[in-house]
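Descriptive analysis of the structure
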Amino acid sequence: MDLNLNRADYLQVGVTSQKTMKLLPASKHRATQKVVVGDHDGIVMCFGMKKGEAVTVFKTLPGQKIARLELGGVLNTPQEKIFIAAGSEIRGFTKRGKQFLSFETNLTESIKAMHISGSDLFLSASYIYNHYCDCKDQHYYLSGDKINDIICLPVERLLREVPVLACQDRVLRVLQGSDVTYEIEVPGPPTVLALQNGNGGDSGEDLLFGTSDGKLGLIQITTSKPIHKWEIRNEKKRGGILCVDSFDIVGDGVKDLLVGRDDGMVEVYSFDNANEPVLRFDHTLSESVTSIQGGCVGKDGYDEIVVSTYSGWITGLTTEPVHKESGPGEEIKFNQEMQNKISSLRSELEQLQYKVLQEREKYQQSSQSSKAKSAVPSFSVNDKFTLNKDDASYSLILEVQTAIDNVLIQSDVPIDLLDVDKNSAVVSFSSCDSESNDNFLLATYRCQANTTRLELKIRSIEGQYGTLQAYVTPRIQPKTCQVRQYHIKPLSLHQRTHVIDHDRPMNTLTLTGQFSFSELHSWVVFCMPEVPEKPPAGECVTFYFQNTFLDTQLESTYRKGEGVFKSDNISTISILKDVLSKEATKRKINLNISYEINEVSVKHTLKLIHPKLEYQLLLAKKVQLIDALKELQVHEGNTNFLIPEYRSILEEADHLQEEYKKQPAHLERLYGMITDLFIDKFKFKGTNVKTKVPLLLEILDSYDQNALIAFFEAA
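Residues numbered from 1 in each chain as written. Predicted model: local features only at pLDDT ≥ 70, side-chain atom pairs only at ≥ 80, totals over all residues. Heavy atoms only, no water.

In the nomenclature of an unreviewed UniProt entry, the protein is known as Bardet-Biedl syndrome 7 protein homolog of Ovis ammon polii. Per its UniProt entry, the protein bears the Subunit (unreviewed entry) comment "Part of BBSome complex." The protein has a UniProt comment under Function (unreviewed entry) that states "The BBSome complex is thought to function as a coat complex required for sorting of specific membrane proteins to the primary cilia. The BBSome complex is required for ciliogenesis but is dispensable for centriolar satellite function." (UniProt positions renumbered as here; feature names shortened; annotations may be inferred.)

Structural notes on the packing of helix H6 (residues 600-636) against helix H11 (residues 705-714)
Packing of H6 against H11 brings their axes to within 11 Å, and their N-to-C directions diverge by 155°. As summarised for this structure, H6 and H11 are arranged roughly antiparallel, according to the angle between their axes. Viewed along their axes, H6 and H11 form a crossing whose handedness is right-handed. Between H6, through Val602, Lys603, Leu606, Lys607 and His610, and H11, the contact on the second element is made entirely by Gln705, Leu708, Ile709, Phe712 and Glu713. In the contact of H6 with H11, the residues fall into five nonpolar, two polar and three charged. (Axes fitted to C-alpha atoms, helices over the stretch in contact; angles between N-to-C directions. Helix = DSSP H or I, 4+ residues; strand = E, 2+ residues; numbered from the N terminus. Parallel < 35°, antiparallel > 145°, perpendicular 65-115°, else oblique. Left-handed = near helix turned anticlockwise from the far one by under 90°. Contact = heavy atoms within 4.5 Å. Nonpolar A, V, L, I, M, F, W, Y, C, P; charged D, E, K, R; others polar.)

Digging into the confidence of the model for the protein
Residues of the protein with pLDDT of at least 70 account for 95%, and the chain-wide mean is 88. Here helix H3 (residues 434-437) is the element of the protein with the lowest mean pLDDT, 67, and strand S3 (residues 35-38) is the one with the highest, 96. (pLDDT = per-residue confidence, 0-100.)

Quick word on the UniProt feature "domain: BBS7 beta-propeller" (unreviewed entry) in the protein
Residues annotated by UniProt as "domain: BBS7 beta-propeller" (unreviewed entry) correspond here to residues 21-319. From the first C-alpha to the last, residues 21-319 spans 20 Å; its make-up is 1% helix and 55% strand.

Considerations on the sheet that holds strand S9 (residues 99-104)
On the basis of which strands lie adjacent, the open sheet formed by four strands has the order S6-S7-S8-S9 and antiparallel pairing. Both outer strands of the open sheet, strand S6 (66-72) and S9, are each paired with one neighbouring strand and no more. Averaged over neighbouring strand pairs, the angle between their axes works out to 15° when direction is ignored. Sheet analysis places strand S8 (residues 89-93) next to S9, joined by five bridges and oriented antiparallel. Bridged to arginine 91 within S9 is serine 102. (Pairing = 2+ DSSP bridges.)

As for a nonpolar patch on the surface
A contiguous nonpolar patch, built from Leu625, Ile643 and Tyr646 and spanning about 230 Å² of accessible area, is present on the exposed surface. Relative to the helices and strands, leucine 625 resides in helix H6. With a relative accessible area of 30%, leucine 625 lands in the partly exposed category. (Patch = residues over 30% accessible without salt bridge, like charges linked within 9 Å, V, L, I, M, F, W, Y side chains within 5 Å. Areas by Shrake-Rupley, 256 points an atom, 1.4 Å probe, with all protein chains shown as cover. Salt bridge = Lys/Arg side-chain N within 4 Å of Asp/Glu carboxyl O. Buried < 20%, exposed > 50% of the residue type's maximum accessible area, 1.4 Å probe, protein only.)

Some points on the pattern of salt bridges
Under the counting rule described, the total for this entry stands at 37 salt bridges. With a closest N to O distance of 2.9 Å, arginine 233 and glutamate 231 form a salt bridge. Salt-bridge contacts for aspartate 262 lead to arginine 453; the nearest nitrogen and oxygen are separated by 3.7 Å. A residue pair is termed long-range when its members are at least 10 positions apart, and aspartate 262 in the loop between strand S23 (256-261) and strand S24 (265-271) and arginine 453 in strand S35 (residues 453-460) qualify at 191 residues.

Considerations on unusual backbone geometry
Positive phi outside glycine occurs at lysine 51, with the angle close to 50°. Within the element layout of this structure, lysine 51 appears in the loop between strand S4 (44-50) and strand S5 (53-59). Lysine 51 gets classed as exposed once you look at its relative accessible area, which sits at 72%. One non-glycine residue, arginine 170, adopts positive backbone phi at about 65°. The topology assignment puts arginine 170 in the loop between strand S15 (163-167) and strand S16 (171-176). Judged by relative accessible area, which is 7%, arginine 170 ranks as buried.

Quick notes on the environment of asparagine 273
When you line up the elements, asparagine 273 lands in the loop between S24 and strand S25 (277-284). Take asparagine 273: its relative accessible area is 86%, and that puts it in the exposed class. Sequence separation between asparagine 273 and leucine 285 is 12 residues, and the spatial gap between their C-alpha atoms is 31 Å.

Notes on the sheet that holds strand S43 (residues 591-596)
Across the sheet, which stays open at both edges, the six strands sit in the order S38-S40-S41-S42-S39-S43 with antiparallel pairing between neighbours. Of all strands in the sheet, those with a lone pairing partner are strand S38 (494-497) and S43, marking the two edges. Taken pair by pair, the neighbouring strands of this sheet meet at an average axis angle of 20°, ignoring direction. As paired elements, S38 and strand S40 (residues 540-547) share four bridges and run antiparallel to each other. The partner of glutamine 495 across the bridge, within S40, is glutamine 546.

Quick look at helix H9 (residues 666-683)
For H9, spanning 18 residues, the distance from its first C-alpha to its last is 25 Å, which sits close to the expected 26 Å at 1.5 Å a residue. Of all 18 residues in H9, 14 are buried; the element is thus mostly enclosed. (Expected span 1.5 Å × (residues − 1).)

Things to note about the pairing of strand S10 (residues 113-117)
Across the five residues of S10, five count as buried, placing the element largely inside the fold. Residue alternation in S10 divides its side chains into two sets, Ala113, His115 and Ser117 and Met114 and Ile116, and both sets are buried. Strand direction decides the pairing type here: S10 and strand S11 (residues 120-124), joined by five bridges, are antiparallel. Looking across to S11, one finds that alanine 113 is bridged to serine 124. Here S10 folds back onto S11 in antiparallel fashion, the turn holding two residues, of which glycine 118 has a positive phi close to 60°.

Brief notes about the packing of H9 against helix H10 (residues 693-701)
Across the interface, H9 lies against H10 with an axial gap of 11 Å and an inter-helix angle of 140°. Between H9 and H10, the interaxial angle falls into the category oblique. As for the relative orientation of H9 and H10, their crossing is right-handed in sense. Along its contact with H9, which presents Tyr671, Ile674, Thr675, Phe678 and Ile679, the element H10 presents Val693, Leu696, Leu697, Leu700 and Asp701. Looking at the contact of H9 with H10, its residues break down into eight nonpolar, one polar and one charged.

Here's what the structure looks like:
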């Protein structure tokens, strides 16, 4: 059975955060439901649809930005009380809009996530988790990394409270009271948690998670250990997951999985006989989906998926068919309802045009008066700068509440801009004088009309660190611009991991000196991505990292007065040594640096580089042959005379050229890594071998793995 859903835009509110839109329970089966939504202006709005028009039930006054909106009520009754989190305050409203609760939590950080179960309130700020019962403090936990979401398994089914925290360090933490029962490692930083089927599934313990790199999974949270049920890898390279819901949209009696992603993708997964999810439907919106719900909003009896987007659009994907009666030579028949809708839209448009005219005049008068303050219009920018494990590149996503005019990218470190298929903007590069003003890159992306989201891909070089700046200019008058800064770290291609291979040959760097635990932690934050800014609890900490480009690894263990860094790549140790000694010198701290170099590690790293280098050399060779082979093909009229190898090159020509184009400077990058490895190996011995680099490059041009290893050992 095919699933056909038609899009219907209901209305637009202000900019919305993740999980801030809900559907109130219906009075009877498949009756229309009211939508309640909270936005960045602090307004809570509840509306329903009547004859194709949005009718407001209630609307609160503006206030602090709303970070979360949840429904609650007495357990085992319809959940129709509305709770919002704004700043450090929780407010409660009835379904008619009467405020019945205002609870100031006195948290030092703004509330980021919230879950409500009966009279229990589970909250998390950036690092702090709090549990309240009847607004009285019960439990508290300080997390080692940022908390992205929080949920509690259904108390009414399990008869015990089991809160689960989704933490940025790729871990789900299962709590009991104020203590962690156990931790669950997940394949990416978890951004959203939801109960399977909305009630925890058959066991009441089934928990869905979505990650910022687009993976989705189901885990059963038993009392002693987790049971991994299934996981969907993000093979289509879609956006990160922001929201999840369970609702039977297919109509087969089994609840389907509704997923909203930050690239505007809405997905529906059904379950097969083995309870494995299968993609049944997808639809692309032009901006990130912040909330998703299944229900009935537009018309009685027609189920739909309701989503809210970043810029505040509430949109339905409904099973209601679109009626268009048009035949050959027959005029389109509009029914009365449609004509009423058109006339109301016309009058609304006229009112808006008049309002715009009034506001424009008011603005010009105020800006020309002598007492005028700078009236720069403000706009929201939603940005995300993350490292992709698959291709060792950074993804920079910029989303604006209004259409983007252009984005200027400036960098004071050498970086490559890679092609992005989804990107329709026109890019132009300006020449840079990197010697006099530290400008290595100046690029302008000019966006097409109505583009509100721009995705860029960047590849950095380890050891080169600095700042990438994005100047975002939207299509609003007067022209205004916002600057966003992103730090390219010395070990920018390293990603946090839970385990490493301890049997690899490791090089060790040891630092000792009069420095505190928090000082050394701040240096580690400066050098490596994905490290929490707050120093972890305890006297000693260990972090594991993996290089996404080469698969080499790094182990860092440090405490007050001592830091030990181990890696199977000498270049990683060399970069750390240079950066840490520079940081210590800046702060006038005396460092004692010692190192142990394992000669076997060089051969090991070269073997890790070998398959990548061999593949790139072969690809470059094939691409060089394409033009000559095409000429032969034209000359001879067919390819029968060619050997199979050349024929396959011609058949795959487009694919090969596309791949070669996608990886600019890939070969130079690998050459650079081998050259650095060669220089770093001898730098630790106190020998300068820069004069031998041309000889090394000659060997690389006629690459043979054994000859390269022999050169490293003989030099």
